[in-house]
Structures are given as structure tokens and as C-alpha cells.
Amino acid sequence: MALFDLPLDELSEHRSTSVAPDDFDAFWSKTLQEAREHDLGARFEPVDAGLSTVDVYDVTFAGFGGHPVKGWLRLPAGTTEPLPLVVEFVGYGGGRGLAHENLLWASTGRAHFTMDTRGQGSAWGGGGGTPDPVGGGPAYPGFMTRGIDAPENYYYRRVYTDAVRAVEAARSHPLTDAARTVALGASQGGGITIAVGGLVPDLVAVAPDVPFLCDFPRATTLTDRHPYREIALFLKTHRGRSADVQRTLSYFDGVHFAARGRAPALFSAALEDQTCPPSTVFAAFNSWAHGDKTIEVYDFNDHEGGGPYHEAAKARWLRSYV
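Residues numbered from 1 in each chain as written. Predicted model: local features only at pLDDT ≥ 70, side-chain atom pairs only at ≥ 80, totals over all residues. Heavy atoms only, no water.

Per an unreviewed UniProt entry, the recorded name for the protein is Acetylxylan esterase, and the organism is Streptomyces sp. 900105755.

This is the structure:
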């Protein structure tokens, strides 16, 4: 697919038409307050992953509703002092994978926490192990319309809350330095990263790659690729519910969390990306509140974005912060 979205000079000015609900901050404050009524209960169990340079811990903590959420904590082998912490969120359909996977950030001398995404982990990669025990009303197959009848019921209310609790869980380990915490992820993981960047006030940096879950009004009408297409297909059946659906989504739109971002940020976008169109990424980037922000643009790439090139760019960029 050749370039299909706005030209680069217009992308740099693009703003979403999504309007933050008046009670956006109150909604999230109440949601997190309710989650924190449950004991975090973070448990770190050593795992023999067959590795000599990285120690791995199987993590369980209480997320939304006190539900158990899984994760991996990876540390450089033999760590004895608290290390800068990288908390990572994964893409749509994936899970935390296997203990021996995803060794980049621990190999840079940092602590690395990967959160499992509830209910996911069966579409690619090494799988996941966190169920989503909350039911929902009628939905299109996938995760995008689960509980979309109301913000209180929406699937990503649970996921974003899990993500904030994941940061808290990772910070609770004695070998992580809470004061030097970074959040990052790609695609869905990038969208979750933006949400965490708006909900956790004291991160030192965030790095969302080709982020999903941004600028819903434009995304749902611009691309016919999944996962955004799930929303359109739901509305194709449930005629006349567009306004209600967009109201629910407005509580979860990355542009509104970006407006509350309080850490330096490195975004990435790909100009041929039909899964997360570049205008939706720029909508979040242009809304990011912290003045120290950069976006890497990959002209001829689809949703793979910068791939290993961008991993190298992130590793270089993070040296300035952790």
C-alpha cells in the first residue's frame, strides 16, 4: 500500500476531533482508587529459563477488580543493586510469551517487566496466561467492542488499570529503581503506554511505537483493517449506536491521555501503516503535553514500523533518561 493518509506537513498539525468527556479525570481517578482497594500482592517466583546472563521471575499481581495478572520480570544475572526499570506492554492478540523470550532490555543492564494482557495471548508469539473473568454484552469477535455499551464496562478499562498496577508491581521489587521507570510498547502496547503515561505522573520517559487506540473517530472511518474494523462491523449490525460507541471510546482514546503526559516521549509512525494510520499516531503525538517529545517517521513501512532499526533508536534515546 502506497501512502494513503495525510502528507507529512499536514500530519505534523493534525488534531483529533475526539473530545474528552467532562468527567474523564474523575472516571480514571475513581477507577484506579477502586483497583487500589485490593492488595497489590505482587509475587515474584524465580524461573529456570536456561539462561546464563538473565534471571527471570514469574510475576503475579492484582489488577483491575483484584484479578490476578501475570508478567515476567527479567534482570541481568547476579543483580544486587536496584536498576532502572523498563515496563513493556504487548501488541494486540499477544501475551507475555515464554520466559526466555524478549531479552533486549535486560541485556542493556536494565530491569525489564513485561505485562500479560488479560484475555489475550492466543493470536501470535509464545502465548499468555491471564484470563479476563469479566463478562460483557453483545460484541463483535475480538476485544474492541467488549463492554462497549458503557465506559464502566469497556474491556480497556480493565487493561489500562492492569497496566498502571503493573508499573506499581514492578516498582515493588527490591532490585528495581522506582524513580527511574520507563514505559514502552508497540501497537496495542504503544496505546497502553500512552494511557500509562497519562495516568502515572512520575515516569522518566515513555516510548510508544506505531500506537494503537488513538484518535478513534478518524481511525474507525479511515482504515478497514482489524482491529479498528471490529468497531465498524459492530456498528454495521447495531445501527444507530455510533454516538454511544464513540462516547465510550472517548474515555480510552490515546489523545486524551497524551494531553496529560508528563514525561519525555519518543513516538514512532509508519506512513504506509493501515493498521494504525499515521494521522492517528500524530494526533496523540501532537497532543502529548510534555515539551520533550520526538517522533521517528518510517516513510515506506506498514505496521512493522521501524522494527529493529527503531529498537536501536530507542536504546540510544533512553541513555539520556535511564
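Structure's up, so let's keep going.
Colleague: I would appreciate a short explanation of unusual backbone geometry in the present structure.
Modeller: Glycine aside, negative phi is the norm for most residues, and most peptide bonds take the trans geometry. Here the amide bond leading from His226 into Pro227 is cis, since omega sits at 10°, within 30 degrees of zero. Note that Pro227 resides in the loop between helix H6 (216–222) and helix H7 (228–237). (Helix = DSSP H or I, 4+ residues; strand = E, 2+ residues; numbered from the N terminus.)

Colleague: So what exactly am I meant to see when it comes to the packing of aromatic side chains here?
Modeller: Each pair of aromatic rings is reported with the distance of its centres and the angle of its planes. Applying the stated rule across the entire model yields 23 aromatic pairs. Ring geometry for Phe27 versus Trp28: centroids 5.2 Å apart, planes at 90°, classification edge-to-face. Trp28 shares its class with Phe27; the two are buried. The interplanar angle of 80° and the centroid separation of 6.3 Å between the aromatic rings of Phe282 and Phe285 together place this pair among those described as edge-to-face. In this pair, Phe282 and Phe285 both sit in helix H10 (residues 278–287), 3 residues apart, roughly one turn of the helix. The residue whose ring lies beneath Arg96 is Trp72, and the NZ or CZ to ring-centre distance is 3.7 Å. Directly above the ring of Phe285 sits Lys293, whose terminal nitrogen or CZ lies 5.0 Å from the centroid. (Phe/Tyr/Trp six-rings, centres within 6.5 Å; stacked < 30°, edge-to-face > 60°. Buried < 20%, exposed > 50% of the residue type's maximum accessible area, 1.4 Å probe, protein only. Lys NZ or Arg CZ within 6 Å of the ring centre and 35° of its normal.)

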